[in-house]
Amino acid sequence: MRHRTTPILAALLALASLAAHAEARLELTPLPPTVRARPTGPLPAAAHAALKSARNEYESLQIAITARGENASRVDAAITPFTSATGDTLPTTATTLYRAAFVNVRHSAPRATVAPGLLPDPLAPLVDPYTGEKIPAGRWTGDRVEGATHGGAPFDLWADHHEILWLDVHTPEGAAPGQYTATLRVTAANAAAAELPITLSVWDFTLPAGPSHENHFGGFGRLAAYHGLDPHSDAFIQLEERYSAALAAHRINPELPRHLHPAPEEDGTVRFDEAADAAITAFVDRHHLTNIQIPGAPFGDPLGANREKAARFYRAWHEYLQGKGWADRAYLYMLDEPNDPEAYQRVVDLGAMVREAHPGIRRLVVEQTYTHDPAWPALEDAIDIWCPLFGFVDEPSTKRLQQAGDHVWSYTALTQVAPPYHPVYENVKDDHPPFWQIDFPVTAYRAAPWLNRRYGITGLLYWSIVYYGSPERDPWDDPGFRVRWNGEGALFYPGDRAGIEGPVASIRLKNLRDGMEDYEYFVLLEQHGGRDAVDAIVREAVPTWGSWKSNPEALPALRERLAEEILRRNG
């Protein structure tokens, strides 16, 4: 049966089309990167559109676009290059614009402090970083959807609703210090253009290329299954490289890809020929790795029949890394969360085997710095890097192990608080460490390196950044891990929904990057004799794991005090 367009229906369609193109008004509101803005309602306290940055540092700004009067159609944005009064100009590659997508948090995480609903997190680039082409937002053209479902721009915007742009500015190493200005221009098909001037103050010091704060955030093996790719294929290797580059840009060390590992010989020995060495070296240099994980021996149980083969394998890797000058910050991820006496005994046995293979190998075990049960085997001789959960950290036992020459990192998973066997459980049982889910303040991610510095903890570990589950469970639509832990194990989103063949970073990852950059300020100020100043500022920010400052203004303001102290000591 054919449907006819009646005169009344035709008139209504014409009116709807006219309304869609009626005049709208665009409002631009700058917001700091440490807040989340909902799609409707009042916006978080506005900041000046002003950035301050060291060289080789990223700084970010959010800009809320609000349509007033009428719906706005075909909204788009662009930014001019940052230019100083003396004519210095940052390259166009220094700036990247993203559009924040809203994910639907349906089930609140335990202890959540942010209400469920639509929350901004994935950052879809307006321009494909691999092709240079614009990525339009999904738009129905009458017979198909044009553009990606979560593409960047142009997009349509309902009246009195907000869309959030995210601006990243990377100040190059060679940038002259001083003040630069740029203009963000937002256009729409049915509204006058709106402009926002943005200033950038470049401080006269430079952050190092790679992270000073040690870290481990897992690999990208799950991407192959999610995208239906052969993990040995060129397509997967290209995807893995793009994720590695994106992770390194956020001051996190990517894992050395498996396709770069030379195959061990029959006796377990690994030989690094010229081609293997060149490929590994290029990866390390390209991504500024400061930590390298020694692979697990691929022979089954390293304490079983292949014990000697495993020992030769570990020895060969350590000696190769030692010859390259990388061994001091290399490590073997030996075991994860031993939670019974048998697992404790396995740590002891593995630790002894690895120490026999080479005494220089640092053995990492994800375990707190005090014993789960005094009746279980002692672990002090088996571990070189201890890694307690945020809520499990204990200052006296941390310092005791550090004084004995061990290292202590920290990590987070789910929303775990101090266990009953914590040495001062009654004092910390009600603490709320910085949990890493979407429905907590994004400052929880930035605070982690500050808290580590407060306790002398030198590394940060996270169990996964691409735990998407299965292809049927898309984190864009269902961010819950085990239903309730929103965003757990996934700091990237798969880029296919944003129209790119690569990763989409989250607002959470951007805030973690800022915390990792803050840590570089601690290092630089200490190098200039300012250890006491660092201690005082850090203790002001994060007195304890349970009393860190989560308000959006606190850490950025204290970072600026660190910068002022560095500049003062630099003369």
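Below is a short write-up of the structure. (Residues numbered from 1 in each chain as written. Predicted model: local features only at pLDDT ≥ 70, side-chain atom pairs only at ≥ 80, totals over all residues. Heavy atoms only, no water.)

## Points about the overall build of the protein
- Looking only at helices and strands, the protein features 12 helices and 24 strands.
- Taken over the C-alpha atoms alone, the protein extends approximately 85 × 65 × 55 Å along its principal axes.
- If you take every contact in the protein between residues at least 6 apart in sequence, the share linking residues at least 24 apart comes to 73%.
- Just so you have it, the protein exposes about 24100 Å², and 52% of that area is on carbon and sulfur atoms.
- The average position of the 52 basic charges and that of the 73 acidic charges among the side chains of the protein differ by 4 Å. (Helix = DSSP H or I, 4+ residues; strand = E, 2+ residues; numbered from the N terminus. Contact = heavy atoms within 4.5 Å. Areas by Shrake-Rupley, 256 points an atom, 1.4 Å probe, with all protein chains shown as cover. Lys, Arg positive; Asp, Glu negative; His and termini not counted. Charge placed at Lys NZ, Arg CZ, Asp CG, Glu CD.)

## A word on the pattern of salt bridges
- Counting across every chain of the model gives 38 salt bridges.
- Among the ionic pairs, Asp-518 bridges to Arg-446, the shortest N-O distance being 2.8 Å. Of the two residues, Asp-518 sits in helix H10 (residues 507–527) while Arg-446 sits in helix H9 (residues 443–454), which places them 72 residues apart along the sequence.
- Arg-569 is the partner of Glu-565 in a salt bridge, and the nearest nitrogen-oxygen pair spans 3.0 Å. Placement of the pair is Glu-565 and Arg-569 together in helix H12 (residues 554–570), with a separation of four residues, close to one helical turn.
- Connected via shared salt-bridge partners are Glu-57, Glu-59, Asp-168, Arg-446, Lys-510, Arg-513, Asp-514, Asp-518 and Arg-559. (Salt bridge = Lys/Arg side-chain N within 4 Å of Asp/Glu carboxyl O.)

## Things to note about the packing of H9 against H12
- Relative to each other, H9 and H12 sit at 35 degrees, their axes nearing to 11 Å. Contacts from Thr-443, Arg-446, Ala-447 and Trp-450 in H9 reach Leu-555, Pro-556, Leu-558, Arg-559 and Leu-562 in H12.
- Its residues placed into classes, the contact of H9 with H12 shows six nonpolar, one polar and two charged. (Axes fitted to C-alpha atoms, helices over the stretch in contact; angles between N-to-C directions. Nonpolar A, V, L, I, M, F, W, Y, C, P; charged D, E, K, R; others polar.)

## Remarks on the nonpolar core
- Judged by nonpolar contacts, the single largest core of 96 residues is most densely connected at Tyr-314, Trp-436, Trp-450, Phe-492 and Leu-512.
- Ignoring sequence-local partners within four residues, the contact set of Tyr-314 consists of Ile-294, Pro-295, Gly-296, Ala-297, Pro-302, Leu-332, Met-353, Val-354, Ala-357 and Ile-361.
- Membership of the second largest hydrophobic core comes to 37 residues, among which are Ile-63, Ala-67, Leu-157 and Ile-198. (Core = buried A, V, L, I, M, F, W, Y, C linked by side-chain atoms within 4.5 Å. Buried < 20%, exposed > 50% of the residue type's maximum accessible area, 1.4 Å probe, protein only.)

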